[in-house]
Amino acid sequence: MDTLFVDYMRSEQEEEEEEEEEEEEDDDDNDEEDKKEEKDESAAQKQQRPAWAPCFFYRTDREVYYYVGQEILIEEGLDSYAGMIWPAALALCHYLDTHREQLSLVDKAVLEIGAGTGLVSVVATLLGAWVTATDLPVVLNNLRVNLSRNTRGRCRHTPQLAALSWGYDLESTYPTSVYHYDYVLAADVVYHHDFLDELLVTMKHFCKPGTTLIWANKVRFETDLTFMENFKKSFHTSLLAEDGEMKIFMATCREEEEGDDAGMEAEEEKRVEVEDEDEESEEKAVQEKRNDIELHYVNIEKNKGKEDDVAEEPLMSEPERGDGEEEMHESDEEEEEEEEVTAFKDADHREDEEDKPGNSDSSSCTTAGNGHVKGQTHIKQTAEQPYRPPGWVPNIHRSLDKDIYHYAGQDIVIYESIDSFGAVMWPAALALCSFLDNNRQRVKLQGKEVLELGAGTGLVTIVASLLGASVTATDLPEVLSNLQANVMRNTRGRCRHLPQVETLSWGHDLERTFPTSVYHYDYVLAADVVYHHDFLDELLVTMKHFCKPGTTLIWANKVRFETDLTFTENFKKSFHTSLLAEDGEMKIFMATCRE
C-alpha cells in the first residue's frame, strides 16, 4: 500500500514538473515574441521620427537657481515664450527673497499671472505662501512639472495650478466673491503681443481692496511704456526697485487708496496738533536724524578706499553665498579685472585659442573645484567703469546656454540669448537646416547668393554657408552681436564664402537700404519668422521686395496661432508656392514671384 502511494505521488510530482517546464517554455517563447515586438516598435518609432529632427550631441534646457536657501531646478520649453526664463522673473525672485520682512508671504494667498516656467511661483511657495500659478493651457504641463519638482516636501502649502486666459470671462471663472488674494505677482508679462488691454483688465479684476499687485518688467518696446502709463493710471503705484530698464512696481486698487486717503487726512490733522504741542522735541529728533545720516556718509567715505571696485551701493543686493561661492565670485572678479577687450574681440581671441593644438574650448563652461560653473565671457572693464552686474542677477549654479548640432558634416556650436525672441533656437530653423542638408541636389546652394531674414542665432546661415553659399544674415540691431559671434565661430576657416551680417528692419525703407538694382539673391531663407507679433504685413512686404524673378524663397514655419494661418494664405496669394516638406504643424514652402 505504501509502495503504491509513493509511486502515485512520484507520478503526480513528475506531471507537475512537466507542466512547469512547458509553462517556462511558453514564457520563454512569449518573452522572445515581446522582445521582437519591442524591436519592431523601436524600428517603427525610428521611422516615424520627423525628418527634420536634428542630430544633437547634447541638449541642456535646464538651469539651477538658488533662492530661499534651496536649489531650484527649472526645465525650459523653448517652443513657447512662456517656456523660458525671462530676466524680470529673476529680478522679482531676488527681490522677494531679499525683502522677506517688508513683503512677508508666509501664509498669504498669492496669485501669479503668466507663471511660465513657474520660477516665481516656486520661490513664493518656498517663502511660505499659498500660491496659485496661472497661464495658458498649452503651458501648464511644463509648469506643473517644475512646481512639483521644486516644492514637494519643502513647503508649508502645496501650490495650485489653473488655466487663465487674460480678460476672458473672468467674473464667471474667477468670481471676486470667491477668489481673493493678498498678493498678485506678474513678471515679464508685458512683451510684444496683442493682449495688453486684456492683461490690464485681468490685473484690475484680481487687484481688489486688500490686494497688493507686484509687477516686474524689463522695458523693450514702445508698447511697454504705453502699458506702463495705463498701469499707473489704473492703480496707485510705487516703484519698489529699478536697475536700468528693469523695474519692479507695487500697486493697489484706487478704491482702497481713496478710503485710506480719508483716514490719512485725519491722521495728518492729529499729527499737526502733536507737532504744535511738542515742536521743540520734533526739531531735536530731526537734528539727531541728520547727525546719523552725516555719520553714515562719513563711514562710506572711509570705506571707499577698501572697496574701490564698487562705485555705489546697488539698488538690490546680491543673494548671500556660501563659502565656496564666495571664493568662486572673488576669483571671477580677479579674472574679469584682467580682461581689457570688448566682447566681440574676446570671442575672436577665444576662437584663435581654440585653433591651437592642446587648447580646449575656452568659451564653454568649466567647472571649478567646488562643483560650480564659472562664467563664459569676460566683459570690458576699466578703472573708471568697473563691471558691476545688476542686483537682480541670480546665483546660478549651472547655466549651459549652448547647443551642439551636426549639419553639413560639421559640429556647430550655437550660443543662445534668452532675453530676445530672435536669439533663441526655434524648431523651424532645425527643420530647414535638416532639409537643406539632406536635399543638396534639390536645393543647390553651392556658389549661390543667399539672404536670410530673421537670422536669430544664425544656425540656418551657418549651414547654408557650410553648404557653399555666400550668405547675408539679417536681423534687428539688438540681435546682431550674438548672431555675429555664432556665425564667426562656426564658419571661419570652414567655408568658401565668409557670411555677412546686416541690420534689416522689415518693411522699412527697403528700396533705399537694399535697392533691387544692386541686391539680388538666388535664394531667400526664412525660418520661424512668423510668430505672434505685429509685423506680419511688413514681413510679407520684405519677402516681396527680395523675391524677384530668378529668386527662390524658402520659408519654414511651425503653425502656432491663427495669425500664422492668415499669413500663410496671404503668402500663397503673393507668390507661386509649393510645399517642400510637411510634418504635422511643421511646413516648409518654396515660392517664386508671380511676375
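Residues numbered from 1 in each chain as written. Predicted model: local features only at pLDDT ≥ 70, side-chain atom pairs only at ≥ 80, totals over all residues. Heavy atoms only, no water.

> Looking at this structure, how should I read the packing of helix α12 (residues 427–438) against helix α13 (residues 459–466)?
Pairs of packed helices are described in terms of their axes, by the angle between the two and the distance that separates them. The contact between α12 and α13 brings their axes to 9 Å, and the two run at 10°. Taken as axis vectors, α12 and α13 run roughly parallel relative to one another. Of the residues in α13, those touching α12 at A429, L430, L432 and C433 are L459, V460 and V463. (Axes fitted to C-alpha atoms, helices over the stretch in contact; angles between N-to-C directions. Helix = DSSP H or I, 4+ residues; strand = E, 2+ residues; numbered from the N terminus. Parallel < 35°, antiparallel > 145°, perpendicular 65-115°, else oblique. Contact = heavy atoms within 4.5 Å.)

> Can you help me understand the pattern of salt bridges in this one?
Any two side chains of opposite charge can pair, so long as their charged atoms come close to each other. With the rule as written, the count across this model stands at 7 salt bridges. One salt bridge in this structure joins K247 and E242, with 2.5 Å as the shortest N-O distance. With a relative accessible area of 14%, K247 lands in the buried category. Looking at E242, the relative accessible area reads 31%, which means it is partly exposed. (Salt bridge = Lys/Arg side-chain N within 4 Å of Asp/Glu carboxyl O. Buried < 20%, exposed > 50% of the residue type's maximum accessible area, 1.4 Å probe, protein only.)

> Where do I start with the sheet that holds strand β6 (residues 160–163) in this structure?
Strand pairing within a sheet occurs via backbone hydrogen bonds; the two strands may be parallel or antiparallel. The 7 strands are arranged β6-β5-β4-β7-β8-β10-β9 in an open sheet whose pairing can be described as mixed. Only two strands of the sheet have a single neighbouring strand rather than two, namely β6 and β9 (235–243). Here the average twist between neighbouring strands, direction ignored, is 20°. Two strands pair when backbone bridges link them, and β9 and strand β10 (residues 246–253) are joined in this way by 8 bridges, in the antiparallel orientation. Note that in β10 the partner of F235 across the bridge is C253. (Pairing = 2+ DSSP bridges.)

> Looking at this structure, I do not really get helix α16 (residues 536–546). What am I missing?
Since one α-helical turn is 3.6 residues long, residues separated by three or four positions face the same way. Where α16 is concerned, the buried positions are L536, L539, L540, T542, M543, H545 and F546. Structurally, α16 contributes buried residues whose contacts are with β14 (449–453), α15 (510–513), β17 (523–527), β18 (552–558), α17 (562–574) and β19 (575–583).

> Can you help me understand the sheet that holds strand β16 (residues 500–503) in this one?
The strand order across the open sheet formed by 7 strands is β16-β15-β14-β17-β18-β20-β19, and the pairing between neighbours is mixed. Edge positions in the open sheet fall to β16 and β19, since each of these has one partner strand only. Across the sheet, the mean angle separating the axes of adjacent strands is 20° when strand polarity is ignored. The sheet contact formed by β18 and strand β20 (residues 586–593) spans 6 bridges and is antiparallel.

> Mind showing me how you'd approach the pairing of β20 here?
On a regular strand, each side chain points to the face opposite its neighbour's, so the side chains alternate between the two faces of the sheet. The element β20 is largely enclosed, with a buried count of 6 among its 8 residues. Inspection of the sheet shows β19 paired to β20 by 8 bridges, in the antiparallel sense. Opposite F575, over in β20, you have C593 as the bridge partner. Between the antiparallel neighbours β19 and β20 lie 2 residues, among them G584 with a positive phi of about 65°.

> What should I look at first to understand the packing of α16 against α17 in this one?
Contact pair α16 / α17: the axes reach a minimum separation of 11 Å and the direction vectors enclose 25°. The angle between the axes of α16 and α17 places the two elements in the roughly parallel class. Between α16 and α17 the crossing geometry is right-handed. Contacts between α16 and α17 pair L536, L539, L540, M543 and K544 from the former with T563, F567, N570, F571 and S574 from the latter. Looking at the contact of α16 with α17 residue by residue, the classes come out as 6 nonpolar, 3 polar and 1 charged. (Left-handed = near helix turned anticlockwise from the far one by under 90°. Nonpolar A, V, L, I, M, F, W, Y, C, P; charged D, E, K, R; others polar.)

> I'm lost on the environment of A162 in this one. Help?
Here A162 lies in strand β6. Remark: the alpha-carbon pair of A162 and D135, spanning 27 residues in sequence, is separated by 7.1 Å. Discounting chain neighbours no more than four positions away, the residues touching A162 are T132, A133, T134, D135, L140 and Y174.

> Help me understand the pairing of β14 in this model?
Counted residue by residue, β14 has 4 buried out of 5 residues, so it is predominantly covered. Handedness of the crossover joining β14 and strand β15 (residues 470–475) through α13 is recorded here as right-handed. Here β14 pairs with β17 via 4 bridges, running parallel. Pairing of E452 across the sheet is with L525, part of β17. (Right-handed = clockwise from strand over helix to strand, strands pointing away.)

> Would you mind showing me how to read the packing of aromatic side chains here?
The geometry of an aromatic ring pair is captured by the separation of the ring centres together with the interplanar angle, meaning the angle of the planes. As enumerated under the stated definition, the model contains 20 aromatic pairs in all. Three or more aromatic residues joined by ring pairs form one cluster here, namely W215, F227, F231, F235 and F249. (Phe/Tyr/Trp six-rings, centres within 6.5 Å; stacked < 30°, edge-to-face > 60°.)

> Looking at this structure, I do not really get the side chain of T552. What am I missing?
Assignment of secondary structure puts T552 in strand β18. Residue T552 is classed as buried on the basis of its relative accessible area of 16%. Contacts of T552, omitting those with residues within four sequence positions, involve D522, Y523, V524, M590, A591 and T592.

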